[in-house]
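The primary structure of each chain is shown beneath.
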Amino acid sequence: MRKFATLTANHLAHIAIVMLMSGIILNGLLLLLLGEARLSLPLATQPALNPVLEFGQQWLTLQSGQISSGQGQSITHLFTQPEMVVIRSLLLTLWAGMATLLSATIILALQDRQRYRWHLVFGIVLCVMLFSAELPYLLTDGVSQPLLELVKLSVLLLCTLLINRALAMRPSATNRNNLIAYASQTGSAMQLAQQLHRSANHALDLRCLSRLTPACLSQYDQVLFVVSTQGDGQAPDSANRFIKALQAEPTLPGQPRFSILALGDRHYHSFCAFGHHLYKLLQSKGLQSFVPTVEVDRMDMGAVNHWWQHVSTAFGQVSSPQAMPYEVLTVMENRCLNPEQTHRHAHHLRLFRAGTHYQAGDLLAVKPRIQPEQIEQRLAQLGWSAHETVHYQNETRTLLELLQTLEWIDEQADSPQALVDLLKPIHERLYSIASCQADHLDLLVRRHLRQDQSIGHASGYLCGLKVGEQIEASVRTHATFHLPGDVPLVMIGAGTGLAPFMGFLQQKQSWRATTPNWLLFGEQYKAQDAYFAERLEHFQQLGVLTRLDCVWSRDDSEYVQGRLAQLSVTLLEWVEEHGAHIFVCGSREGFGESILGTLEVLLDRDLLATRLHTDLY
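What you see is a predicted model, and the numbers here were worked out from it, not measured in a lab.

A.B. asks: Pulling in residues and values, what's your account of unusual backbone geometry?
C.D. replies: In this structure, Cys272 is a non-glycine residue whose phi angle is positive, near 55°. Examined against the element boundaries, Cys272 turns out to sit in the loop between strand E9 (257–264) and helix H8 (273–284). On the accessibility criterion, Cys272 (1% relative accessible area) is buried. Positive phi, normally seen in glycine, also occurs at Gln393, with a value near 50°.

A.B. asks: Could you give an account of the sheet that holds strand E6 (residues 178–183), with specific residues and numbers?
C.D. replies: Spatial ordering of the open sheet is given by E7-E6-E8-E9-E10, a layout of five strands whose pairing is parallel. Where the open sheet ends on each side, the last strands, each with one partner, are strand E7 (205–208) and strand E10 (294–297). Across the sheet, the axes of successive neighbouring strands diverge by a mean angle of 20°, strand direction being ignored. Against the sheet, H8 touches E6, strand E8 (222–228), E9 and E10, its axis set at about 165° to E9. Against the sheet, helix H9 (residues 301–315) engages E6, E8, E9 and E10, with an angle of about 170° to E8.

A.B. asks: Mind laying out the pairing of strand E23 (residues 612–616), listing which residues take part and the relevant values?
C.D. replies: Counting buried positions over the five residues of E23 gives four, a clear majority of the element. Of the strand pairs in this sheet, strand E22 (residues 581–586) and E23 are connected by five bridges, and their pairing is parallel. Bridge assignment links Ile582 to a residue of E23, and that residue is Leu612.

A.B. asks: Tell me about helix H20 (residues 588–602), and name the residues and values.
C.D. replies: Among the residues making up H20, those that are buried are Arg588, Phe591, Gly592, Ile595, Leu596, Thr598 and Leu599. Mapping the buried residues of H20 onto a view down its axis gives an arc of 160°, with all of them on the same face. More than 90 degrees from the buried face of H20, the exposed residues found are Glu589, Glu600 and Val601. In the core, the buried residues of H20 are packed alongside strand E19 (489–494), helix H18 (560–566), helix H19 (568–577), E22, helix H21 (605–611) and E23.

A.B. asks: Quick rundown of the sheet that holds strand E18 (residues 470–476)? Include the residues and the values.
C.D. replies: With antiparallel pairing, the six strands of this open sheet are ordered in space as E16-E13-E18-E11-E12-E17. Edge positions in the open sheet fall to strand E16 (429–432) and strand E17 (440–446), since each of these has one partner strand only. Between one strand axis and the next, the sheet turns by 40° as a mean value, whatever way the strands run. Two elements, strand E12 (residues 346–352) and E17, share seven bridges in a ladder whose sense is antiparallel. In the sheet register, Leu351 faces E17, and the bridge partner there is Leu441.

A.B. asks: Give a detailed account of the packing of helix H14 (residues 499–511) against helix H16 (residues 533–542), specifying residues and quantitative values.
C.D. replies: It is at 11 Å that the axes of H14 and H16 come closest, and there the two elements cross at 30°. With respect to H16, the axis of H14 lies roughly parallel. Relative to H16, the crossing made by H14 is left-handed. Along the contact surface, H14 presents Met502, Leu505, Gln506 and Gln509, while H16 presents Arg535, Leu536, His538, Phe539 and Leu542. Per-class residue counts for the contact of H14 with H16 are five nonpolar, three polar and one charged.

A.B. asks: Tell me what's going on with a nonpolar patch on the surface, and back it up with residues and numbers.
C.D. replies: Nonpolar side chains collect at one region of the surface, where Trp118, Val121, Val125 and Met129 lie side by side and expose about 360 Å² of accessible area between them. Here Val121 is to be found in helix H3 (residues 117–132). A relative accessible area of 45% places Val121 in the partly exposed class.

A.B. asks: Requested: an account of the pairing of E17, with residues and values cited.
C.D. replies: Within E17, seven of the seven residues are buried, leaving the element largely enclosed by the surrounding structure. Residue alternation in E17 divides its side chains into two sets, His440, Asp442, Leu444 and Arg446 and Leu441, Leu443 and Val445, and both sets are buried.

A.B. asks: Go over the pattern of salt bridges with me, naming the residues and quoting the values.
C.D. replies: Under the criterion given, the structure shown has 17 salt bridges. Measuring nitrogen to oxygen at the nearest pair gives 3.2 Å for the salt bridge that ties Asp297 to Arg298. Using a relative accessible area of 7% as the deciding quantity, one classes Asp297 as buried. Given the relative accessible area of 14%, Arg298 is considered buried. The partner of Asp529 in a salt bridge is Arg344, with the nearest N and O atoms 3.8 Å apart. Of this pair, Asp529 sits in helix H15 (residues 526–529) while Arg344 sits in the loop between strand E11 (327–336) and E12; the two residues are 185 residues apart in sequence, bridging distant segments of the chain.

A.B. asks: Mind laying out H14, listing which residues take part and the relevant values?
C.D. replies: Counted at 1.5 Å a residue, the expected span for H14 with its 13 residues is 18 Å, and the 19 Å between its end C-alpha atoms agrees. Within H14, ten of the 13 residues are buried, leaving the element largely enclosed by the surrounding structure. All of the buried residues in H14 are Ala499, Pro500, Phe501, Met502, Gly503, Phe504, Leu505, Gln506, Gln507 and Lys508. Elements in contact with the buried residues of H14: E16, E17, E19, strand E20 (517–523), H16 and E22. With its phi angle positive at about 55°, Arg512 sits one or two positions after the end of H14.

A.B. asks: Give a detailed account of the packing of helix H7 (residues 240–248) against H8, specifying residues and quantitative values.
C.D. replies: Running from amino to carboxyl end, H7 crosses H8 at an angle of 25°, the nearest separation of the two axes being 11 Å. One way to sum up the angle between H7 and H8 is to call them roughly parallel. Of the two possible hands of crossing, H7 and H8 adopt the one that is left-handed. Taken together, the residues of H8 that come into contact with H7 (itself represented by Ile243, Leu246 and Gln247) are Phe274, His277, Leu278, Leu281 and Leu282.

Analysis parameters
Residues numbered from 1 in each chain as written. Predicted model: local features only at pLDDT ≥ 70, side-chain atom pairs only at ≥ 80, totals over all residues. Heavy atoms only, no water. Helix = DSSP H or I, 4+ residues; strand = E, 2+ residues; numbered from the N terminus. Buried < 20%, exposed > 50% of the residue type's maximum accessible area, 1.4 Å probe, protein only. Pairing = 2+ DSSP bridges. Axes fitted to C-alpha atoms, helices over the stretch in contact; angles between N-to-C directions. Contact = heavy atoms within 4.5 Å. Arc of directions from axis to C-beta. Parallel < 35°, antiparallel > 145°, perpendicular 65-115°, else oblique. Left-handed = near helix turned anticlockwise from the far one by under 90°. Nonpolar A, V, L, I, M, F, W, Y, C, P; charged D, E, K, R; others polar. Patch = residues over 30% accessible without salt bridge, like charges linked within 9 Å, V, L, I, M, F, W, Y side chains within 5 Å. Areas by Shrake-Rupley, 256 points an atom, 1.4 Å probe, with all protein chains shown as cover. Salt bridge = Lys/Arg side-chain N within 4 Å of Asp/Glu carboxyl O. Expected span 1.5 Å × (residues − 1).

Structural data, given as structure tokens:
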């Protein structure tokens, strides 16, 4: 019963919408057909039929598998078989919708009137309005003014559509007074929140901040926030509307307790800034924290489990250790696209896993494996033995074995033990997917060299893979970087930032789209760094890629941001006249900051808010 009540509360407005649309279509169809007056067969006496629908002097009857209509003492219609099927289907939908709406309202009232008070108000008011609109004419004497009833039903449908979102954002559970709310930019916070929700056996509600309002928040007792930080400390795009609404509220009618799990990366000076901003904002509204905020550096599951254990204890539950789920993908191809650029190789990898689903613009989270040879080389430079024993989390292990599981980037220490004490477990890396094909994923990976000329963990691991080897990875939904439909695109990328645009063009090709698409791409040398040149030429021949501008910084001493400023008139035409959306992908430092600065000068802020999509790292 509780599950049915939860389902009904979430879809109450949808039930009403389907029913109202059926009534509108039925009334409109009958008015149209009856207006044709196909026949005029006079009847000697009043027909001994049971009319199920009356339009003043007109009537409709179902008898012996046949539908006929008339006016007064004559038959005006004998409906065709397809017309009969449509009318019967609409009548059945109408009956089912009316019965479901009434029963749902009763069930919600019996289950928890306080919890579902807004759903009950909606159901009762709608039922009263429907009876006043003579919609249940199958139970009454018919409809005397069908045109007026069409207007009434249309108004009711419009009102239902307007309040549908508000009802959907109401808490849906019957006895679940706790909520997990997440705000994710790259999909990691969303996936972690979903995993915690499953771990709690769905005993908590789960909602994105984009579907949360201050009024809805007030109806919970405890709220857990799992939020990431993007850019220079900004909130994820999905959280902006909730934050503005919360800031506008002088206080909240309810005072739920809260706790925040803030995701971030310590290599950015704005580490977990949004999580701390949210904490201060909630406190300013009078809310109290019941478990201290925990910062998570690059999805450190140790920090996540520390927070989850304290939260579970506060709820009176027993928590189990959490781990991010990964799938196994097989390497089908690994090719260096610029072998002459020995200090900055770029590799194209093709991976396969049957049943893999994703959208163009999504990300792949890769769990890297550190090769022993890399660790031995770095230790040799320091004069340390790879087989020296160290202590880590109450275990004694060799330095080589342990460093294959820890994130050693540029940390320095006086001894192996001191180094180990500084390090945390190795974290996943996110890469833009450069394809749009079921079961297969393409990546464009730059092999990173540190200042000491050692190779980056993840990029070195991926670029060194051989065909047939397998990796652990997981698709992360990057909802803010998805195509909003078949719209004109302005794609701006540098280096490996070209990757998601290859997926966009494949998607447009599969759609057989005719909308224009413009790619502005920058790299160092045309002869060496023209990644996917043949594919791009093929897209141009197909008409999928309408315009291609390549900027070669070492050949022409020019950068993408400079070319963009030169093409400002063309850009304005694409965006303002053609309705193009702008997608930007590449390094945030230097490239991304300059591109965003140029766009803010050229385009209106409100326009950028709806048309600009970024994937900057």
